[in-house]
Amino acid sequence: MKLRLQDSLHYRQAGNTLFAALLLGLLSSLLQIGVDFFHERSRIESSVIQVLKTVQEPAARAAYGLHPDLAQTVINGLFEYQSIHQAVLYDDFGGVLAQAKRQLSEGHFEFLSIRIWGKTSSYEIPLFVDGGKKYVGKIAVNVDNYLIAHNFFHRSQLIIFSAFSFSIILSLLLLFIFSRHLTRPLLKTARSISEISPADPKGKLLRLPKGHEKDELGFLVTTVNEILGRFQENKMQLSESENRYRGLVDNIGIGVALISPDLEILSMNKLMRERYPHFDCSRKTRCYEAFYDPPLGKACVYCPVVETLKDGERHEVEKDIPLGQKTLKAWIVTTPLKNEKGEINGVIYLINDITERKKNELELTKYREHLEDLVKERTEKLRESHERLTTILNSLDAIVYLADMDTGELLFVNSYAEKLFGQVAGKTCWQVLQNGQDGPCSFCTNKYLLDENKNPKKPYVWEFQNTINGRWFHIIDRAIKWFDGRMVRLEIATDITDRKKIEEELVKREKMEATAVLAGGIAHDFNNLLAAIIGYVDLTLDDIGKHHPGAYTLQEALKASRKAQDLTNKFVTFSSGGSPVKKLSSVRDLLEKTIESTLEKDSCTREITFANDLWQVDMDRRQMSQVFKNVLQNAMESMAEDGALRIHAENISFPNGEEIPDESAWDRKFVKITIRDNGKGIPEKIMPNIFDPYFSTKEMGAQKGMGLGLTVALSIVKQHDGYLVVRSEKRGTAVSIYLPA
């Protein structure tokens, strides 16, 4: 094996390295030249300005005194600087006092210098006298850029030459290294592979090249040796597999033959040899001569073997083959046998005797046609019955569905349910009809619908609030047997949300009316008794003095009596005497005063914000102050000592349904006051009861809660045609009060 240098791996790798090195060297050189260019421009400009400054003083005297001789001397002195091409001294009126000029230089780099630097560069400085106060003229020079660029171009040549030289030396070095450590070991390994005998691949294994035991070449040699070992084993396994498949083909109940492209039979399995005992494969008999009795003189009409040889595809055909006095009904399948190049080497010929099967098929066809007529008649009746039932169920204003009691699969969903939940038929009930379920619902009624013998029981009737839309439903569930024998749940659910709301409002109204009757009956008499008690206690304290042993007890009794007086005032709110006396007032002023008096001794963190131009509200200041006080006290009692309280008031022009559920109020104006604490919040299970009279999560008693705080607040807000909304948040509770502006 001879390998050309330009085809070798080390040559191509060295070439790639040379290209990369030249490219990187060129980029590095250009970068260095660019830096040198800008540095040179800066240095030249600095030098020219410095030269001009050295003659600035005598030039200023010449311009101020209008001395042409002195001016010419100054100009001539500038030409000591080799790069100066032209110099001019101007007086303060722009007149030329002196000037000089010499010829521009030329050279090999003149064209490139003009493109990069230009022919000349101009510089000038102003001239002043009297300490820089009086302008007397200026001095201007033109610099010959070629003289400056000449050295720059020589340096650039040296930089580029150095970079290219380094790249070439590096490439030659890499060429040697790649040849020694890559190409030579690879060629040696390739020669060893070419010497391997196909008959005994494991007889001569490859040797690991020295120094390459752990690199890619060593891995390649090890892998080839393993493949050689597996190849020998596969050769033995292939021989065993060939024997197994030959036995399998001989024992299947289908005739199998291998036919050459010339239609000669090359081999047959055991069944074919038994069917054609007179046939000998060594005679090279053609298939149309061996498989027919009497033999045919040419290939039969639409021969599947011929078709497969033409297009290389699989073909199937059902044929009647004459065999002496009888006819063989056969199903023939031909499949091409191709080599690695895709050329057809032969055709696999499969023939199956279907004579008995065809007889059975004819009988089955007649019976099937009879069954199809019966099924068609029955199906039409079932379809009509199903359409009538579906029409009835879809016309109901209630949810109707059928669900598999084991899997929860929805087998039928009527139109009303689809409007609420979408196209959910075929899905699992607890995944699409409820929310937040990761398994069958804990409240599923399946356990109530079957007895211990798995037979249907009487319908189960219940009420439930759907977890997706929050609607209440009156539900009737029962178990029925489906057409395939399994038990399914039939559910009919009627929406009773409006009825539930009316019932809840009636219950609340009855509670409020009962409390109002109670408050109206006892409030005034109880208040008179308290006034007498407070008066007598005050007189007794005045008589005995504050240092008397019983003074403390009387003071505590006085505090409790005054708290009882506050409670009496709350009762008055529910009676006819509690109607508000409204007056247009500032919510901000009232809220600030209530906060100051209620939270005077509390150490919680407060954040109080008011909207600009807060609207005024027509309200009873005393009653509304009571509302703010009750809400603030509830917030403080729900928090720890280091709690945080946020109070915000704003104008709301168009509240939406999330803020106020009453649609009639959505186009009105309100002042919204929100008091938010960071306490433990309100559990969801007691949220419906927070406005009930005497409902409280605190202990009852003189120093605790009476359960009337939010009840009184709601009553007062309603009497002001407003709304009170309570929300329990992740951390704490938010109470929003909406007062009409």
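Residues numbered from 1 in each chain as written. Predicted model: local features only at pLDDT ≥ 70, side-chain atom pairs only at ≥ 80, totals over all residues. Heavy atoms only, no water.

Draft legend 1. Summary view of the overall build of the protein. Per the secondary structure count, the protein includes 18 helices and 21 strands. Within the protein, the proportion of its 741 residues that are buried is 35%. For the protein, long-range pairs separated by at least 24 residues make up 57% of all intrachain contacts whose partners lie at least 6 apart in sequence. Accessible surface computed for the protein: about 46600 Å², of which carbon and sulfur atoms make up 54%. (Helix = DSSP H or I, 4+ residues; strand = E, 2+ residues; numbered from the N terminus. Buried < 20%, exposed > 50% of the residue type's maximum accessible area, 1.4 Å probe, protein only. Contact = heavy atoms within 4.5 Å. Areas by Shrake-Rupley, 256 points an atom, 1.4 Å probe, with all protein chains shown as cover.)

Draft legend 2. Spotlight on the nonpolar core. Ranked by internal contacts, the top residues of the largest apolar core, which has 39 residues, are Leu 645, Ile 673, Leu 724 and Ile 737. Only helix H16 (587-598), strand S17 (616-619), helix H17 (621-638), strand S18 (644-652), strand S19 (670-677), helix H18 (709-719), strand S20 (723-728) and strand S21 (733-740) provide two or more residues apiece to this core. No other element matches H17, which puts seven residues into this core. Setting aside residues up to four positions removed in sequence, Leu 724 forms contacts with Phe 691, Ala 713, Leu 714, Val 717, Val 735, Ser 736 and Ile 737. Of all hydrophobic cores here, the second largest spans 28 residues; its members include Val 55, Ala 62, Ile 75 and Leu 127. (Core = buried A, V, L, I, M, F, W, Y, C linked by side-chain atoms within 4.5 Å.)

Draft legend 3. Looking closely at the sheet that holds S21. Pairing in this open sheet of five strands is mixed, and the strands run S16-S18-S19-S21-S20 from one edge to the other. A single partner strand is all that each edge strand has here, and the edge strands are strand S16 (605-610) and S20. On average, each strand axis in the sheet is tilted by 15° relative to the strand beside it, whichever way the strands run. Across the face of the sheet, H16 comes into contact with S16, S18 and S19 while running at roughly 170° to S16. Sheet strands in contact with H17 are S18, S19 and S21, and its direction is about 25° off that of S19. (Pairing = 2+ DSSP bridges. Axes fitted to C-alpha atoms, helices over the stretch in contact; angles between N-to-C directions.)

Draft legend 4. Expanded view of the packing of aromatic side chains. Under the criterion given, the structure shown has 10 aromatic pairs. Aromatic pair Tyr 276 and Phe 291: ring centres 5.2 Å apart, planes at 35°, arrangement tilted. Residue Tyr 276 is located in the loop between helix H7 (270-275) and helix H8 (287-290), and its partner Phe 291 is located in the loop between H8 and helix H9 (304-311); the two are separated by 15 residues in the primary sequence. What makes Tyr 276 buried here is its relative accessible area of 3%. Centre to centre, the rings of Trp 482 and Phe 483 are 5.2 Å apart; their planes meet at 50°, and the pair counts as tilted. Among the residues examined, Trp 482 registers a relative accessible area of 21% and is labelled partly exposed. Note that Lys 138 overlies the ring of Tyr 90, its terminal NZ or CZ placed 5.4 Å from the centroid. Its end group placed over the ring of Trp 472, Lys 500 keeps NZ or CZ at 4.4 Å from the ring centre. (Phe/Tyr/Trp six-rings, centres within 6.5 Å; stacked < 30°, edge-to-face > 60°. Lys NZ or Arg CZ within 6 Å of the ring centre and 35° of its normal.)

Draft legend 5. Inspection of H17 at higher detail. The end-to-end C-alpha separation of H17 is 26 Å, in line with the 26 Å expected for 18 residues at 1.5 Å each. Among all positions of H17, only Gln 623, Met 624, Val 627, Phe 628, Asn 630, Val 631, Leu 632, Ala 635 and Met 636 are buried. One side-chain oxygen of the residue at the start of H17 lies 3.1 Å from the amide nitrogen of Arg 622, identifying that residue as Asp 620. (Expected span 1.5 Å × (residues − 1). Polar contact = N/O pair within 3.5 Å; in protein donor to acceptor, adjacent residues only side chain to side chain.)

Draft legend 6. Broad picture of empty space enclosed by the protein. A complete count under the given rule lists one cavity of 30 Å³ or more for this structure. The wall of the largest cavity is formed by Cys 287, Tyr 288, Phe 291, Tyr 292, Ala 299, Cys 300, Cys 303, Pro 304, Lys 319, Ile 332 and Tyr 349. Along the lines of polarity and charge, the residues of the lining of the largest cavity split into 10 nonpolar, no polar and one charged. (1 Å grid on protein atoms, 1.4 Å probe; cavity = no way out; pocket = protein on both sides within 12 Å on 5 of 7 lines; lining within 4 Å. Points joined across faces, edges and corners; volume = space filled by probe spheres on them. Nonpolar A, V, L, I, M, F, W, Y, C, P; charged D, E, K, R; others polar.)

Draft legend 7. Fine view of the pairing of strand S10 (residues 399-404). Within S10, six of the six residues are buried, which leaves it mostly tucked inside the rest of the structure. On S10, burial covers both faces: Ile 399, Tyr 401 and Ala 403 on one face and Val 400, Leu 402 and Asp 404 on the other are all buried. Between S10 and the antiparallel strand that follows it, strand S11 (residues 410-413), lie five residues; Gly 408 among them carries a positive phi value of about 80°.

Draft legend 8. A look at H18. The buried fraction of H18 amounts to nine of the 11 residues, a majority that puts the element mostly inside the structure. Phi turns positive, to about 60°, at Asp 721, one or two residues after H18.

Draft legend 9. Representation of the packing of helix H2 (residues 56-65) against helix H3 (residues 68-78) in the model. Axis separation between H2 and H3 bottoms out at 8 Å; the angle between their running directions is 155°. Classified by the angle between their axes, H2 and H3 sit roughly antiparallel to one another. Taken as a pair, H2 and H3 cross one another with a handedness that is left-handed. Listed contacts from H3 to Pro 58, Ala 59, Arg 61 and Ala 62 of H2 are Leu 70, Ala 71 and Val 74. (Parallel < 35°, antiparallel > 145°, perpendicular 65-115°, else oblique. Left-handed = near helix turned anticlockwise from the far one by under 90°.)

Draft legend 10. A nonpolar patch on the surface, seen in detail. Among the surface-exposed residues, Phe 19, Leu 23, Leu 24, Leu 26, Leu 27, Leu 30, Ile 160 and Phe 164 lie close enough to one another that they form a single nonpolar patch of about 740 Å² accessible area. Looking at the nonpolar patch, the elements with two or more residues in it are helix H1 (9-54) and helix H5 (145-194). A per-element tally of the nonpolar patch places H1 first, with six residues. Within the secondary structure, Leu 23 sits in helix H1. (Patch = residues over 30% accessible without salt bridge, like charges linked within 9 Å, V, L, I, M, F, W, Y side chains within 5 Å. Salt bridge = Lys/Arg side-chain N within 4 Å of Asp/Glu carboxyl O.)

Draft legend 11. Structural detail: the confidence of the model for the protein. Looking at the protein as a whole, its pLDDT mean stands at 81, while 88% of the residues score no less than 70. Across residues 700-705 the pLDDT falls below 50, and counting only partners more than four positions away or on other chains, this stretch makes eight contacts in the model. (pLDDT = per-residue confidence, 0-100.)

Draft legend 12. Structural context of the pattern of salt bridges. Under the criterion given, the structure shown has 22 salt bridges. Its salt-bridge partner being Lys 381, residue Glu 377 comes within 3.9 Å of it at the nearest N-O pair. In this pair, Glu 377 and Lys 381 are both assigned in helix H10 (residues 355-395), four residues apart and thus about one turn of the helix distant. Relative accessible area serves as the criterion here: at 47%, Glu 377 is assigned to the partly exposed category. Here Lys 381 falls in the partly exposed class, since its relative accessible area comes to 49%. In this structure, the salt-bridge partner of Arg 383 is Glu 380, at a minimum N-O distance of 2.4 Å. Separated by three residues within a single helix, Arg 383 and Glu 380 lie in helix H10, roughly one turn from each other. Under the relative-accessibility criterion, Glu 380 is labelled partly exposed at 35%.

Draft legend 13. View of the pairing of strand S5 (residues 255-259). For S5, the tally of buried residues reaches four of five residues, placing the bulk of the element in the interior. Examined bridge by bridge, S5 and strand S9 (residues 344-353) share five bridges and lie antiparallel to one another. Following the sheet pairing, Leu 258 is matched in S9 by Ile 348. Looking at chain direction, S5 and strand S6 (residues 265-268) are connected through three bridges and run antiparallel. In the sheet register, Leu 258 faces S6, and the bridge partner there is Ser 267. Counting the residues that bridge the hairpin from S5 to S6 gives five residues, and of these Leu 263 lies at a positive phi of roughly 70°.

Draft legend 14. Looking closely at the packing of H16 against H17. Their axes nearest at 9 Å, the elements H16 and H17 cross at an angle of 50°. On the basis of their axis angle, the class for H16 and H17 is oblique. Read as a crossing pair, H16 and H17 show a hand that is right-handed. Contacts between H16 and H17 involve Asp 589, Leu 590, Leu 591, Lys 593, Thr 594, Ile 595 and Thr 598 on the former and, on the latter, Arg 621, Met 624, Ser 625, Phe 628, Lys 629, Leu 632 and Gln 633.

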